[in-house]
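Residues per chain, in single letters:
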Amino acid sequence: MSVSTAAADQSLCTPLPVLGRDVTVPLVTGGEVTYAALDYAASAPALQRVWDDVAAYAPYYGSVHRGAGYLSQLSTDLFENARGTVAEFLGCRAGDQVVFTRSTTDSLNLLARAIPAGCQVFVFETEHHASLLPWQHADVTYLDAPRTPGQAVEILERALAGRDPYGPALVCVTGASNVTGELWPVRELAAAAHAHGARIVLDAAQLAPHHPVSVTELDVDWIAFSGHKLYAPFGSGVLAGRADWLQAAEPYLAGGGASRRVTRREDGGVAVEWHESAARHEAGSPNVIGAYAIAAACKALTEAGWDTLVAREQHLIAKVRAGLAEVPEVRVLSLFGDDAPRVGVLSFVVDGWNSSHFAAALSAEYGIGVRDGLFCAHPLVRTLLGTDPGTQGECGAPEAAPGEKSLNAIRVSFGAGTPDEHVDRFVNAVRELVRDGAKWQYRTEEGRCVPAV
């Protein structure tokens with residue numbers, strides 16, 4: 001092997017530094033082990049670079065847009081520069097707006113409030129609840145789960161062909177499933193939407209931390225994502241895209257910052273002139289640290305190099321898939337098939353195991369953190385599990401004791417900060433639990449499976 005090849009392999013196997021990488025946790029069987037955080041799809045750990053940048057700024061924190069003092073001016077500059085950094089990260093077009101929100105959920109609810117009257121909304125039943133539920137007060141059509149990317153485009157085209165061709169329409173679609181990790185044909189769906197006079201919003205919560213995402217290249221109208229999944233867990237999110245619907249809508253929240261001018265009317269009421277910029281939907285004191293952290297994460301991921309990050313993640317995905325394939329009792333959930341491209345998110349069930357029991361054993365006996373449940377994507381998981389739509393289930397663990405059948409699955413997810421050792425330990429733990437069973441007794445407590453004391 002050449003020196004250059006060896007260096008490339010070494011680079012491929014080097015995770016980005018994240019907070020908590022050296023945290024140890026106790027095992028019920030005795031001793032401690034370094035915690036293996038494999039729940040990135042819920043919240044990714046903060047990149048060390050992000051934490052360092054925030055810590056360096058923290059002493060200079062001040063209220064933005066409303067102060068003449070140095071710290072206020074500095075914070076304002078950082079906040080607005082963060083907006084520019086995010087716009088560049090997302091490949092925004094000239095005239096697009098970047099609105100800082102609390103999360104993807106908040107972003108999509110904001111857009112739902114901003115859609116024009118009479119807007120028809122089309123959304124696949126496979127969406128996370130953040131993008132499935134905000135449209136209930138609109139004329140919404142829920143589309144059946146496709147079984148191939150091509151079928152997704154066909155289903156959407158048929159639905160759009162039957163809509164009112166003269167009214168506004170919006171398609172909402174995920175970029176990568178939070179359950180299966182599978183990549184959706186976003187560019188093709190955007191082309192179908194635009195061909196029928198509709199706009200499209202991309203839920204990039206699970207895509208942006210794993211792949212480059214560009215408004216321009218994907219030809220979408222809006223993108224929504226969360227900081228806490230992009231290695232910047234400070235309660236912030238983004239809605240970026242076309243300004244016209246946002247400028248025409250009433251502010252998402254009414255208050256200071258959203259208003260340009262407020263006067264008393266002769267009749268005793270109050271007249272308000274709202275901003276037309278992104279500030280229109282950012283009333284109140286904004287989460288400056290959250291916005292700055294998102295910008296820091298955008299810079300860190302870009303500088304690390306997407307080619308390297310994607311290649312390394314595919315290396316980890318291959319390890320997990322190969323390891324799970326060696327255990328016949330494990331069934332990996334998939335819409336598009338085993339060969340479908342995906343990010344570092346996989347869900348599975350284990351024959352003979354309650355999923356909550358299995359996840360609890362991974363944590364208590366191996367120090368591995370995964371997630372079990374329906375992952376706030378109930379219709380999708382029910383479809384993947386082949387259960388009756390009326391069967392009871394919930395986001396967390398259902399009321400099922402260890403060994404009982406449960407309407408939920410186990411999700412393992414990872415990313416730029418995951419070392420190979422965590423993935424290896426996970427695969428070995430799955431193999432051992434299936435072969436030997438749990439070493440400890442477990443019980444159900446308040447809907448969660450926990451070690452029995």
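Residues numbered from 1 in each chain as written. Predicted model: local features only at pLDDT ≥ 70, side-chain atom pairs only at ≥ 80, totals over all residues. Heavy atoms only, no water.

**So, the overall build of the protein chain**
Phase 1 of the analysis: Per the secondary structure count, the protein chain includes 14 helices and 19 strands.
Phase 2 of the analysis: Over its C-alpha atoms the protein chain spans a radius of gyration of 23 Å, differing by no more than 12% from the 22 Å that the globule rule assigns to 453 residues.
Phase 3 of the analysis: Its C-alpha atoms give the protein chain principal-axis dimensions of roughly 80 × 55 × 55 Å.
Phase 4 of the analysis: As displayed, the protein chain has an accessible area near 19200 Å², and 52% of this comes from carbon and sulfur atoms.
Phase 5 of the analysis: Of the charged side chains in the protein chain, 35 are positive and 52 negative; the average position of the first set lies 3 Å away from that of the second. (Helix = DSSP H or I, 4+ residues; strand = E, 2+ residues; numbered from the N terminus. Rg over C-alpha atoms; globule rule 2.2 N^0.38 Å. Areas by Shrake-Rupley, 256 points an atom, 1.4 Å probe, with all protein chains shown as cover. Lys, Arg positive; Asp, Glu negative; His and termini not counted. Charge placed at Lys NZ, Arg CZ, Asp CG, Glu CD.)

**A closer look at a nonpolar patch on the surface**
Phase 1 of the analysis: A contiguous nonpolar patch, built from Tyr60, Tyr70 and Leu71 and spanning about 350 Å² of accessible area, is present on the exposed surface.
Phase 2 of the analysis: Mapping Tyr60 onto the fold places it in the loop between helix H2 (48-57) and helix H3 (70-89). (Patch = residues over 30% accessible without salt bridge, like charges linked within 9 Å, V, L, I, M, F, W, Y side chains within 5 Å. Salt bridge = Lys/Arg side-chain N within 4 Å of Asp/Glu carboxyl O.)

**Observations regarding the confidence of the model for the protein chain**
Note: predicted coordinates in regions of low pLDDT should not be interpreted at a detailed level.
Phase 1 of the analysis: The predicted model of the protein chain averages 92 in pLDDT, with 93% of residues at 70 or higher.
Phase 2 of the analysis: pLDDT under 50 marks residues 1-8. Its contacts with residues more than four places away, or in other chains, come to two contacts. (pLDDT = per-residue confidence, 0-100. Contact = heavy atoms within 4.5 Å.)

**Some words on the packing of aromatic side chains**
Phase 1 of the analysis: In this structure the tally under the stated criterion is twelve aromatic pairs.
Phase 2 of the analysis: An angle of 75° between the planes, with centres 6.0 Å apart, marks the rings of Tyr40 and Tyr231 as edge-to-face. Linking Tyr40 in the loop between strand E3 (36-37) and H2 with Tyr231 in the loop between strand E9 (222-226) and strand E10 (237-241), this pair joins segments that are 191 residues apart in sequence. For the pair Tyr40 and Tyr231, a shared accessibility class is recorded, and that class is buried.
Phase 3 of the analysis: Taken together, the aromatic side chains of Phe348, Trp353, Phe358 and Phe426 make up a single cluster linked through ring pairs. (Phe/Tyr/Trp six-rings, centres within 6.5 Å; stacked < 30°, edge-to-face > 60°. Buried < 20%, exposed > 50% of the residue type's maximum accessible area, 1.4 Å probe, protein only.)

**Overview of the packing of H2 against helix H10 (residues 288-304)**
Phase 1 of the analysis: In contact at an axis separation of 9 Å, H2 and H10 are set at 140° when each is read in the N-to-C sense. If you check the angle between H2 and H10, you find them oblique. Taken as a pair, H2 and H10 cross one another with a handedness that is right-handed. Seen from H2, the contacting residues are Arg49, Val50, Asp53, Val54 and Tyr57; seen from H10, they are Val288, Ile289, Tyr292, Ala293, Ala296, Ala297, Lys299, Ala300 and Glu303. (Axes fitted to C-alpha atoms, helices over the stretch in contact; angles between N-to-C directions. Parallel < 35°, antiparallel > 145°, perpendicular 65-115°, else oblique. Left-handed = near helix turned anticlockwise from the far one by under 90°.)

**Here we look at the environment of Leu132**
Phase 1 of the analysis: By the secondary structure assignment, Leu132 is in helix H5 (residues 129-132).
Phase 2 of the analysis: For Leu132 and Leu108, which are 24 residues apart along the polypeptide, the C-alpha to C-alpha distance reads 9.4 Å.
Phase 3 of the analysis: When near neighbours in sequence (up to four residues on either side) are disregarded, Leu132 contacts Val123, Phe124, Glu125, Glu127, Tyr142 and Pro379.

**A word on the pattern of salt bridges**
Phase 1 of the analysis: Under the counting rule described, the total for this entry stands at 22 salt bridges.
Phase 2 of the analysis: Residues Glu326 and Arg431 are paired through a salt bridge, measuring 3.1 Å at the closest nitrogen-oxygen approach. Of this pair, Glu326 sits in the loop between helix H11 (306-325) and strand E13 (330-332) while Arg431 sits in helix H14 (residues 420-436), and the two are 105 residues apart along the sequence.
Phase 3 of the analysis: In this structure Glu326 comes out as exposed when scored by relative accessible area, which is 56%.
Phase 4 of the analysis: Glu421 is the partner of Arg425 in a salt bridge, and the nearest nitrogen-oxygen pair spans 3.0 Å.

**Quick look at the environment of Gly167**
Phase 1 of the analysis: Within the fold, Gly167 resides in the loop between helix H6 (149-161) and strand E7 (169-174).
Phase 2 of the analysis: Classification of Gly167 as buried rests on a relative accessible area of 17%.
Phase 3 of the analysis: Sequence separation of Gly167 and Val453 is 286 residues, and the distance between their C-alpha atoms is 61 Å.

**Observations regarding the environment of Ala36**
Phase 1 of the analysis: For Ala36, the position within the fold is in strand E3.
Phase 2 of the analysis: Residue class for Ala36 comes out buried when judged on its relative accessible area of 0%.
Phase 3 of the analysis: For the pair Ala36 and Gly20, spaced 16 residues apart in the sequence, the C-alpha separation amounts to 9.5 Å.

**Side note on the pairing of strand E11 (residues 259-264)**
Phase 1 of the analysis: As judged from the five bridges shared by E11 and strand E12 (residues 270-274), these two strands associate in the antiparallel manner. Opposite Thr263, over in E12, you have Ala271 as the bridge partner.
Phase 2 of the analysis: Counting the residues in the hairpin turn of E11 and E12 gives five residues, including Gly268, whose phi is positive at 95°. (Pairing = 2+ DSSP bridges.)

**Let's talk about the sheet that holds strand E14 (residues 345-350)**
Phase 1 of the analysis: Within the open sheet, the four strands sit side by side as E13-E14-E17-E16. Their pairing is antiparallel. Of all the strands in the sheet, just E13 and strand E16 (371-373) have a single pairing partner and so form its edges. Between one strand axis and the next, the sheet turns through 30° on average, direction left out of account.
Phase 2 of the analysis: Relative to strand E17 (residues 409-413), E16 is paired through three bridges, and the arrangement is antiparallel. Residue Arg371 lies in a different strand from E17, and its bridge partner there is Arg411.

**So, the pairing of strand E5 (residues 120-124)**
Moving residue by residue along a regular strand, the side chains alternate between the two faces of the sheet.
Phase 1 of the analysis: Most of E5 is tucked away, with five of its five residues classed as buried.
Phase 2 of the analysis: Along E5, one buried face is formed by Gln120, Phe122 and Phe124 and the opposite face, lined by Val121 and Val123, is buried too.
Phase 3 of the analysis: Pairing geometry for E5 and E7, over four bridges, is parallel. By the bridge assignment for E7, Val123 is matched with Cys172.

**Looking at the layout of surface pockets**
Phase 1 of the analysis: Of the pockets and cavities examined, the largest pocket occupies roughly 580 Å³.
Phase 2 of the analysis: Ala41, Ala42, Arg371, Phe375 and Arg411 are, among the 36 residues lining the largest pocket, the residues nearest its centre.
Phase 3 of the analysis: Here the lining of the largest pocket takes five residues from helix H12 (residues 355-366), the largest share from any one element.
Phase 4 of the analysis: Partitioning the lining of the largest pocket into residue classes produces 16 nonpolar, 14 polar and six charged.
Phase 5 of the analysis: Computed from the structure, the second largest pocket encloses a volume of approximately 370 Å³.
Phase 6 of the analysis: Lining the second largest pocket we find 17 residues, and of these Arg187, Leu207, His211, Pro212 and Leu218 sit closest to its centre.
Phase 7 of the analysis: Where the lining of the second largest pocket is concerned, the elements lending two or more residues are helix H7 (186-195) and helix H8 (215-218).
Phase 8 of the analysis: Of the residues contributing to the lining of the second largest pocket, the split by class is ten nonpolar, four polar and three charged. (1 Å grid on protein atoms, 1.4 Å probe; cavity = no way out; pocket = protein on both sides within 12 Å on 5 of 7 lines; lining within 4 Å. Points joined across faces, edges and corners; volume = space filled by probe spheres on them. Nonpolar A, V, L, I, M, F, W, Y, C, P; charged D, E, K, R; others polar.)

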